[in-house]
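Each chain, letter by letter, is given below.
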Amino acid sequence: MTEIAFAAQDYRADQTFASAQYRYVGDAATGWLVERDGAPLLRLGPGYRLLRVRACGVCSTDLARHHLPFPLPQVIGHEVLAVDESGRRCVVEINASCHARGLADPCAFCRAGLPTHCPRRITLGIHDLPGGFGPWILAPVAACLDVPSSVPDAAAVLIEPFAAALHGVRMVDPKPGERVAVLGPRRLGMLAVAALAGVRAGMRARGQDFAVAAVVRDPALLPLAAQFGATEGHLLGDGVADGAFDVVIDTTGNPDGLLTALRLARREVHLKSTHGQPAGGVRHLTEMVVDELGLAPFPADEPPAGAADWDRLRTGRRPRVAWLCRREPPAWLLARADVRRGTASALAAQFAADADGLPRADVAVADDAAGVDAAVRPRAGSEEPLVRPRGLVLLHPQTATAGAPLLDAVVRRGLRLSTSRCGEFAPALALLASDSELARIGERLVTHRFRGEQLAEAFATARSRGCIKAVVAQEAP
C-alpha cells in the first residue's frame, strides 16, 4: 500500500486556480482512494500506477476547460512527461479505459479496438482523473510508454498533441497533387504541419507529392511553419481565395475558425478544435470531435457497392442506421441497412439494448441542425451518443440549412467534415526517435516555461498572442 500527500492547484469554473491538499492511498492491484482537503474525492479501481510529473504542456483544451461538460474544480493538464519509481522517463496516454487499465473484463468498445472511446473511461486532467499540473498522477498501467533516449524532454512533453496531429493527418489521407492547409498553426497546428511533412516525405519517396500550406493571421508564424515543413504560407485576408485548398485542418481552437475553414476547403474540413462552444450552426461540435464523428451528404441516389462511406462502416453485418428525417428512407437503403425510425433518444435506447457489437447506430441521417445535435447527444444530461465512435452523420439532400453554414457547405457543396482527437503514442514516439530533425519540435515550438507554482501566470501567457507553447515544469530534468 502506497500513500503520498501533496499540494496542487485546482482549476475552477471561474478560470482561477486555488491550492488544495491531495492524498493518494492504494496500489495498482487493489485500487486507490483520492482525497482532497481531507475528504474523499474519487475511488479508483485497480489498474493505476503512481508517477511523478516532470513537465506538462498547456494546450487549447486546458484553456477552454471551463467550457467542457466535466466537473470542476480539478487538477487539470494532460500533456504529461513523468518519471516512474526507477527514474525512467515515460509519457502517458490520457484515456483510462478498460484496455489501458489492463482489466480482464473489457467493454465492447475496448474489445472492438476503440479503447479511446471506452464508455467506462475517465480522462487524465480532463474528466475526473487529476492531471499533470500537480506533482503526482495516477496513470493507467498500460498507458505508460517509455521515452526513447534519442527523444529529448522538450519533444517528449509534446507527444500527446503530436500523436493527435499524426492521427488526424492519417484520417485526412492526403492525395497526390492536393493542397492541404493547416488553419491557425500555433500549438497543435505546428505539430499538424510537422505530421503532414512526415507523411509527405514518405509519399515523395514513392514519386508522389502534395503541398502543405500554413494559413495564419500572424505573419511572424510563417517562418516557423516553414521550419516545421510547410511548403507554402498564407496570411488570412491576403488574397486567399475561397476553395483554395482541397483539405483544411482547423486547429484554431476558435468557433470562428470553422467558418474560415468551410470557406477555404474544397473536399474536406478536418476539425481538431475542442473549444466546447457551438459553431457553424451546430451545438455539439466539440462532442463530435470527442466521438470522432464525420458529417457528409446523404447520397441522392444509391451509391455503388464499395462506396467509401459505407466501406468504412463495415462491421460484418448490415450497417445500423438511425433515420431522424421527416421524409421516408429510400428503398435502396432499406435493402442494404438495418434502418430504424423514431426520436434520437428512443433509438439510442434501442441500440443500447442490442447485444450484437457496439450498442450504437453506425450512421444517423438528419435533415436539420437539431437532428445533427440529437445524433451526437440524444439524451439531456448524458454524454452517450446515438452514433458509434468514428461513425457518420449524413445530411439528407433536403436538409434545412438556414443559419447553419456547416450544414449548408455539406448539402450545397458536398463538403465533408471529419474529426479526430487522441492518437496512439507508439508510432509518434517511433517517428520522433527515427528523425533527429523532427525531434527538435520542442525547442522550436515551446516559447515559455514556468514552474509548478506559476500556473496562473502560465495560463495568462498561453492565452497571449506572444506565446506559441507554454510548458509547466514540476521537476527539473
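Everything numeric here is computed off the predicted structure, so don't read it as measured data.

Procedures and definitions
- Residues numbered from 1 in each chain as written.
- Predicted model: local features only at pLDDT ≥ 70, side-chain atom pairs only at ≥ 80, totals over all residues.
- Heavy atoms only, no water.
- 1 Å grid on protein atoms, 1.4 Å probe; cavity = no way out; pocket = protein on both sides within 12 Å on 5 of 7 lines; lining within 4 Å.
- Points joined across faces, edges and corners; volume = space filled by probe spheres on them.
- Helix = DSSP H or I, 4+ residues; strand = E, 2+ residues; numbered from the N terminus.
- Nonpolar A, V, L, I, M, F, W, Y, C, P; charged D, E, K, R; others polar.
- Axes fitted to C-alpha atoms, helices over the stretch in contact; angles between N-to-C directions.
- Parallel < 35°, antiparallel > 145°, perpendicular 65-115°, else oblique.
- Left-handed = near helix turned anticlockwise from the far one by under 90°.
- Contact = heavy atoms within 4.5 Å.
- Buried < 20%, exposed > 50% of the residue type's maximum accessible area, 1.4 Å probe, protein only.
- Right-handed = clockwise from strand over helix to strand, strands pointing away.
- Pairing = 2+ DSSP bridges.
- Salt bridge = Lys/Arg side-chain N within 4 Å of Asp/Glu carboxyl O.
- Disulfide = S-S within 2.5 Å.
- Phe/Tyr/Trp six-rings, centres within 6.5 Å; stacked < 30°, edge-to-face > 60°.

Undergrad: Give me the lowdown on empty space enclosed by the protein, citing residues and values where you can.
TA: Applying the stated criterion across every chain, the model contains one cavity of 30 Å³ or more. The volume enclosed by the largest cavity comes to roughly 30 Å³. Around the largest cavity sit A165, G168, V169, L188, A192, I249, T251, H270 and K272, which together line it. When residues of the lining of the largest cavity are traced back to their parent elements, those giving at least two are α5 (159–172) and α6 (187–205). For the lining of the largest cavity, the leading source of residues is α5, giving three residues. Per-class residue counts for the lining of the largest cavity are five nonpolar, three polar and one charged.

Undergrad: Tell me about the layout of surface pockets, and please be specific about residues and values.
TA: Taken as a whole, the second largest pocket holds about 480 Å³ of empty space. With five residues, the single largest contributor to the lining of the second largest pocket is α5. Residues belonging to the lining of the second largest pocket are distributed by class as follows: 10 nonpolar, seven polar and five charged.

Undergrad: Tell me what's going on with the packing of α5 against α6, and back it up with residues and numbers.
TA: Interhelical geometry of α5 versus α6 gives an angle of 55 degrees and a closest axis separation of 8 Å. Classified by the angle between their axes, α5 and α6 sit oblique to one another. Where α5 crosses over α6, the two elements pack in a sense that is right-handed. Of the residues in α6, those in contact with P161, F162, A165, L166 and V169 of α5 are L188, L191, A192, A194, A195, L196 and V199. For the contact of α5 with α6, the per-class residue count stands at 12 nonpolar, no polar and no charged.

Undergrad: Explain the pairing of strand β18 (residues 320–323) to me, and be specific about the residues and the numbers.
TA: Because side chains alternate across β18, one face comprises the buried residues R320 and A322, and the other comprises V321 and W323, equally buried. With respect to chirality, the unit in which β18 leads through helix α11 (residues 331–336) into the neighbouring parallel strand β19 (residues 338–341) is right-handed. Note: β18 against strand β20 (residues 361–366), three bridges, orientation parallel. Bridge assignment links A322 to a residue of β20, and that residue is A364.

Undergrad: Account for the pattern of salt bridges, naming residues and giving values.
TA: A complete count under the given rule lists 36 salt bridges for this structure. Where E35 meets R23, a salt bridge forms, and the shortest distance between an N and an O atom there is 3.1 Å. Residue E35 is located in strand β3 (residues 31–36), and its partner R23 is located in strand β2 (residues 17–27); the two are separated by 12 residues in the primary sequence. Bridged by salt links that share partners, the residues R49, D84, E85, R88 and D146 form one connected network.

Undergrad: Quick rundown of the side chain of T286? Include the residues and the values.
TA: Secondary-structure assignment places T286 in helix α9 (residues 285–291). Assessed through its relative accessible area of 5%, T286 is described here as buried. Every residue in contact with T286, bar those within four places of it in the chain, is listed here: L68, S273, T274, H275, G276 and Q277.

Undergrad: Any details on the state of the cysteines? Residues and values, ideally.
TA: Covalently bonding the sulfur atom of one cysteine to the sulfur atom of another cysteine gives a disulfide. Counted according to the given criterion, the structure contains zero disulfides. Free cysteine C98: the closest other cysteine sulfur is in C118, separated by 3.6 Å.

Undergrad: Describe unusual backbone geometry, naming the residues involved and giving the relevant values.
TA: Residue P73 follows L72 across a cis peptide bond; omega there is 5 degrees. Positive phi is not limited to glycine here, since D37 has a value of about 50 degrees. With respect to the helices and strands, D37 occurs in the loop between β3 and β4 (39–44). Judged by its relative accessible area of 52%, D37 falls in the exposed class. A positive phi angle is found at D173, which is not glycine, with a value near 55 degrees. Take D173: its relative accessible area is 42%, and that puts it in the partly exposed class.

Undergrad: Kindly report on the packing of aromatic side chains, identifying the contributing residues and their values.
TA: Scanning the model with the defined rule gives eight aromatic pairs in all. Pairing F6 with Y22 gives two aromatic rings, centres 5.9 Å apart and planes at 10 degrees, and the pair type is stacked. With F6 in strand β1 (residues 2–11) and Y22 in strand β2, this pair connects stretches of sequence that are 16 residues apart. Residue classification places Y22 among the buried residues on the basis of a relative accessible area of 3%. Relative to F459, the ring of F17 has its centre 5.0 Å away and its plane inclined at 80 degrees; by these criteria the two rings are edge-to-face. Linking F17 in strand β2 with F459 in helix α17 (residues 455–462), this pair joins segments that are 442 residues apart in sequence. Each member of the pair F17 and F459 is classed as buried.

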